[in-house]
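Read off the chains here:
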Amino acid sequence: MADKILQVKKEMKRLIKAKELSRIERYELLEKKTEELDKKEMRILINECKRDYQSYDRSDDIKELITISLTAMGMIITILGIFLEDRVMEFFQFKSIMVYTVIVVVIILLGFSKWQSYRSNCMNTTTFMLDILEEQYKKRFATNQ
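All figures in this text were calculated on a predicted structure; none of them were measured in a lab.

Trainee: I keep staring at the pattern of salt bridges and nothing clicks. Help me out?
Mentor: Working definition: two side chains of opposite charge can pair if their charged atoms are close together. Per the stated rule, a full pass over the model turns up nine salt bridges. A salt bridge links R14 to E11, with the shortest nitrogen-to-oxygen separation between them at 2.4 Å. Of this pair, R14 and E11 both sit in helix α1 (residues 4-17), three residues apart, roughly one helical turn. A salt bridge links E135 to K139; the shortest N-O distance between them is 3.5 Å. You can see E135 and its partner K139 sitting in helix α5 (residues 91-141), four residues apart, about one turn around the helix.

The following block contains the structure:
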């Protein structure tokens, strides 16, 4: 059985991401895509887009987890530096540990920035779809109720 809702959703995402279209063309094509759905299907797609948006928005918790981890790592290294000063490690050993730590932190931050960019793009696409779907739903079905 063909899933018309999924097909329309994929096509809408493709149209939103199309660089060669002007804003007016994109908007008109998206409006035409919504006409393929009946009232129930449109409601389902609107609710699905809202859930998608919320799931992307909840992924902000990852940012907080990374922030807490990096803060804890910095505190642990600082405490180690204080306790181990002039005892076990020489300055050169401590300096090399710090360099490795900085490398790990930079890699984590690069991964996080990549994820943040992906998340932002997904949220923008979902918001655009949601705006058009809700507007078309009101136009088509508000008078028919």
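Trainee: Got a minute to help me understand the packing of α1 against helix α2 (residues 23-34) in this structure?
Mentor: Geometry of a packed helix pair, given as the angle between the helix axes and the separation of the axes. Closest axis-to-axis distance for the α1/α2 pair is 10 Å, and the angle between their directions is 180°. When the interaxial angle is binned, α1 and α2 end up roughly antiparallel. For the pair formed by α1 and α2, the contact residues are V8, E11, M12, L15 and I16 on the first element and R26, L29, L30, K33 and T34 on the second. Considering only residue class, the contact of α1 with α2 consists of six nonpolar, one polar and three charged.

Trainee: Explain α1 here, please?
Mentor: For α1, built from 14 residues, the straight-helix expectation of 20 Å at 1.5 Å per residue is met to within 8% by its first-to-last C-alpha distance of 20 Å. Restricting attention to buried positions, one finds in α1 the residues I5, V8, K9, M12, L15 and I16. An end-on view of α1 places all buried positions within 130° of arc, on one side of the element. Turned more than 90 degrees away from the buried face of α1, the exposed residues are K10 and K17.

Calculation rules
- Residues numbered from 1 in each chain as written.
- Predicted model: local features only at pLDDT ≥ 70, side-chain atom pairs only at ≥ 80, totals over all residues.
- Heavy atoms only, no water.
- Salt bridge = Lys/Arg side-chain N within 4 Å of Asp/Glu carboxyl O.
- Helix = DSSP H or I, 4+ residues; strand = E, 2+ residues; numbered from the N terminus.
- Axes fitted to C-alpha atoms, helices over the stretch in contact; angles between N-to-C directions.
- Parallel < 35°, antiparallel > 145°, perpendicular 65-115°, else oblique.
- Contact = heavy atoms within 4.5 Å.
- Nonpolar A, V, L, I, M, F, W, Y, C, P; charged D, E, K, R; others polar.
- Expected span 1.5 Å × (residues − 1).
- Buried < 20%, exposed > 50% of the residue type's maximum accessible area, 1.4 Å probe, protein only.
- Arc of directions from axis to C-beta.

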